[in-house]
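Chain by chain, the residues:
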Amino acid sequence: MSDTIHVLNGPNLNLLGTREPGIYGAATLADVEALCRDTAARHGLEVVFRQTNHEGALVDLIQAAAGAAGIVLNAGAYTHTSVALRDAIAGVGVPTVEVHLSNVFAREPFRHHSYLSPVVRGVICGFGPQSYALGIAALATARQARA
Ligand code: CA2
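Residues numbered from 1 in each chain as written. Predicted model: local features only at pLDDT ≥ 70, side-chain atom pairs only at ≥ 80, totals over all residues. Heavy atoms only, no water.

1. Structural notes on the overall build of the chain
Along its length, the chain carries five helices and five strands. Secondary structure of the chain in N-to-C order comes out as β-α-α-β-α-β-α-β-β-α. For 147 residues, the compact-globule estimate of 2.2 N^0.38 gives 15 Å, and the C-alpha radius of gyration of the chain, at 14 Å, lies within 12% of that figure. In terms of principal-axis extent, the alpha carbons of the chain reach across some 40 × 30 × 25 Å. Out of the 147 residues belonging to the chain, those deemed buried represent 46%. (Helix = DSSP H or I, 4+ residues; strand = E, 2+ residues; numbered from the N terminus. Rg over C-alpha atoms; globule rule 2.2 N^0.38 Å. Buried < 20%, exposed > 50% of the residue type's maximum accessible area, 1.4 Å probe, protein only.)

This is the structure in structure tokens:
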């Protein structure tokens, strides 16, 4: 059984910690990566951590996670627009947790709908970088249950 979790980040998340701290906080994407690596290590898991601004590249990254223990996916704005990402998640057959830094349900109505939520294992939002740590912990627990 694979011991690797793929943590995949979509558009503009490379800007974390540089703008809009009121919504997204002060942590940078490098800080989020360090938190993910620490959390995964405590569960005996490795992390592949990636960010892209391009929808098709995100599809490629989801497909490249085939056989992994899980995917933690913050697809950013593509969450609310992308049938291609939904099809990639459904097709790859890897347990996936959709995560968001912000509580999307407390924001604009267009952020309340996700094309991805119906095909993922679960959704965690609103806890800042801890949303990622909670996603990794959930996948680690599910993996233990399968072992
Ligand atoms: O809350 C989240 O994690 C989101 O996935 C973030 C996306 C947004 O479109 C989703 O509705 C919710 C936006 C990511 C952009 O991140 C920035 C960070 C700093 C400065 C500007 C953008």
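2. Let's talk about the pairing of strand S4 (residues 96–100)
Of all five residues that make up S4, five are buried, and the element is covered over most of its length. Every second residue of S4 is oriented toward a common face, with Thr96, Glu98 and His100 on one face and Val97 and Val99 on the other, all of them buried. As paired strands, strand S3 (residues 70–74) and S4 are joined by three bridges and run parallel to one another. Residue Leu73 lies in a different strand from S4, and its bridge partner there is Glu98. Of the crossover connections in this fold, the one passing from S3 over helix H4 (residues 83–92) to the parallel S4 is right-handed. (Pairing = 2+ DSSP bridges. Right-handed = clockwise from strand over helix to strand, strands pointing away.)

3. Focus on the layout of surface pockets
Counted as a void, the largest pocket has a volume near 380 Å³. Taken together, 18 residues form the lining of the largest pocket, with Pro11, Asn12, Leu13, Tyr24 and Gly76 sitting closest to its centre. By residue class, the composition of the lining of the largest pocket is eight nonpolar, six polar and four charged. (1 Å grid on protein atoms, 1.4 Å probe; cavity = no way out; pocket = protein on both sides within 12 Å on 5 of 7 lines; lining within 4 Å. Points joined across faces, edges and corners; volume = space filled by probe spheres on them. Nonpolar A, V, L, I, M, F, W, Y, C, P; charged D, E, K, R; others polar.)

So yeah, pure geometry; function would need other evidence.
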